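Chain by chain, the residues run as shown.
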Amino acid sequence: MSTLNHSTVGTPAARPSALPGTRRLSGPYWVAARMHRNTLQGAAGLLALALVLLIAIRIWGGGIAGHYWTDARLVEHAAAVIQLLPYLIAAFVAGPVVGRELESGSHQLLRTQSVSPVRWFAVKLAVPTALAAAGSVVLSGVYRWVWTVRPHEDPELHWYAGGVYNTIGPIGIATALLAVPLGALTGLLLRRTVAAMMVGVVATAVVSSVVESLSTRLWPVRTVYTGLAEGYPAADGLFVGEGAVTTSGAHVADPICVDDRKCQAAHHLVGYYRSSHPVSDFWPLQLVETGILLALAAVLTLVVFRLVKRMAG
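Residues numbered from 1 in each chain as written. Predicted model: local features only at pLDDT ≥ 70, side-chain atom pairs only at ≥ 80, totals over all residues. Heavy atoms only, no water.

**Here we look at the overall build of the chain**
- Across its full length, the chain holds eleven helices and four strands.
- Burial analysis of the chain (313 residues in total) assigns 41% to the buried set. (Helix = DSSP H or I, 4+ residues; strand = E, 2+ residues; numbered from the N terminus. Buried < 20%, exposed > 50% of the residue type's maximum accessible area, 1.4 Å probe, protein only.)

And the structure:
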């Protein structure tokens, strides 16, 4: 991060010509946007390219006949690419936005500026927060628009498939917003650009994985029972668990007796069960998980600014 002098932050007249899209910004907001203008321009270009590709799939479709890249594959992999957004945001915040300034020591100059360190840090985080919010909302909305018109016979495109599930609802947006304070905290603690970027990505992956592993428990499941002669109930929606039912009503692992009556009697089996989340659980699951992610983001933001205030004190 380049060193800031007093005239840069405090004197609007000293600014060079503003970039398109930043002319209405003023004071430290203008400075923060200009400091990362190359990254913002690159992000805008990638976002535009992604939108063009998604719209092309939606309008023309067709994929490549007889090739791996069918419509279904394109939509499936598009979700995987969009899910990289939180990791890119965490790396950007942890390294260029926070870690580089602390590593170079340029943050010490803030003591001589008219803007307080806490306010300057808030302004700096406003840039990636706006990027995360705008980018994730647009990508999620356009992807859902594309996904709704593609055939979903492919298991990888069902609403509960990992990549699709995290992209067609608000979970992806909340994860992108969580990446901002998570990356900021990483940068504050490590104070090294490259190390902060790497750890920020890992931290985002760990938090996302932990929350995702709990997602099926965030709303009551629907359990269907059948008798021994009928076999397992038909699959319906997001699979949670299955097994055998004993005479006491307990759920146990299936001993794989199949039609062996003696085996069934020895294990006291009376039927089978399968638990899942039907499609009607989509929005409850999405909203509860989104709430958890946003709550984590709020807590981390509070921790980050307490740490900044202590460092500035």
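More follows now that the structure is in view.
**Let's talk about the sheet that holds strand E2 (residues 238–246)**
- Judged by pairing direction, the sheet is antiparallel, and its four strands sit side by side in the order E1-E4-E2-E3 without closing on themselves. Looking along the sheet, the strands with just one partner apiece sit at the ends: strand E1 (222–227) and strand E3 (251–252).
- In this sheet, E3 lies alongside E2 in antiparallel orientation, the contact comprising two bridges. Across the sheet, the residue bridging to Ala244 is Val252, located in E3. (Pairing = 2+ DSSP bridges.)

**Describing the environment of Leu51**
- Tracing the backbone through its elements, the reader meets Leu51 in helix H3 (residues 37–59).
- A C-alpha to C-alpha distance of 7.1 Å links Leu51 and Leu139, two positions 88 residues apart in sequence.
- Apart from residues lying up to four places away in sequence, Leu51 is in contact with Val138, Leu139 and Val142. (Contact = heavy atoms within 4.5 Å.)

**Concerning the packing of helix H6 (residues 117–147) against helix H11 (residues 282–312)**
- Following both chains from N to C, one finds H6 and H11 inclined at 165°, their axes separated by 11 Å at the closest point. When the axis of H6 is compared with that of H11, the two are roughly antiparallel. Seen from above, H6 lies across H11 with right-handed handedness. Taking contact as the criterion, the partners of Pro117, Val118, Phe121, Ala122, Leu125 and Arg144 in H6 are, on H11, Phe282, Trp283, Val304, Phe305, Val308, Lys309 and Ala312.
- Split into classes, the residues belonging to the contact of H6 with H11 amount to eleven nonpolar, no polar and two charged. (Axes fitted to C-alpha atoms, helices over the stretch in contact; angles between N-to-C directions. Parallel < 35°, antiparallel > 145°, perpendicular 65-115°, else oblique. Left-handed = near helix turned anticlockwise from the far one by under 90°. Nonpolar A, V, L, I, M, F, W, Y, C, P; charged D, E, K, R; others polar.)

**Some thoughts on unusual backbone geometry**
- We note that Arg191 has phi near 60°; this positive angle belongs to a residue other than glycine.
- Relative to the helices and strands, Arg191 is located in the loop between helix H8 (171–190) and helix H9 (193–213).
- Overall, Arg191 belongs to the partly exposed group, its relative accessible area being 34%.
- The phi dihedral of His268 falls on the positive side, at around 60°, and the residue is not glycine.
- Examined against the element boundaries, His268 turns out to sit in the loop between helix H10 (261–266) and strand E4 (269–277).

**Considering the state of the cysteines**
- Considering all chains together, one arrives at one disulfide under this definition.
- Two residues share a disulfide in this structure: Cys257 and Cys263, whose sulfurs sit 1.9 Å from each other. A torsion of -60° about the S-S bond marks the disulfide between Cys257 and Cys263 as left-handed.
- By relative accessible area, Cys263 is classed as buried at 16%. (Disulfide = S-S within 2.5 Å.)

**Topic: the confidence of the model for the chain**
- Overall, the predicted model of the chain reaches an average pLDDT of 82, with 79% of residues at or above 70.
- Across residues 1–23, where pLDDT falls below 50, the model places 43 contacts with residues more than four positions away in sequence or in other chains. (pLDDT = per-residue confidence, 0-100.)

**Focus on the packing of aromatic side chains**
- All told, the structure shown has seven aromatic pairs when counted by the stated rule.
- Considering the side-chain rings of Trp159 and Tyr165, the 6.3 Å spacing of their centres and the 55° angle between planes classify their relative orientation as tilted. The same class applies to Trp159 and to Tyr165, which are both buried.
- Among the aromatic residues, ring-to-ring pairing joins Trp159, Tyr160, Tyr165, Phe282 and Trp283 into one connected group. (Phe/Tyr/Trp six-rings, centres within 6.5 Å; stacked < 30°, edge-to-face > 60°.)

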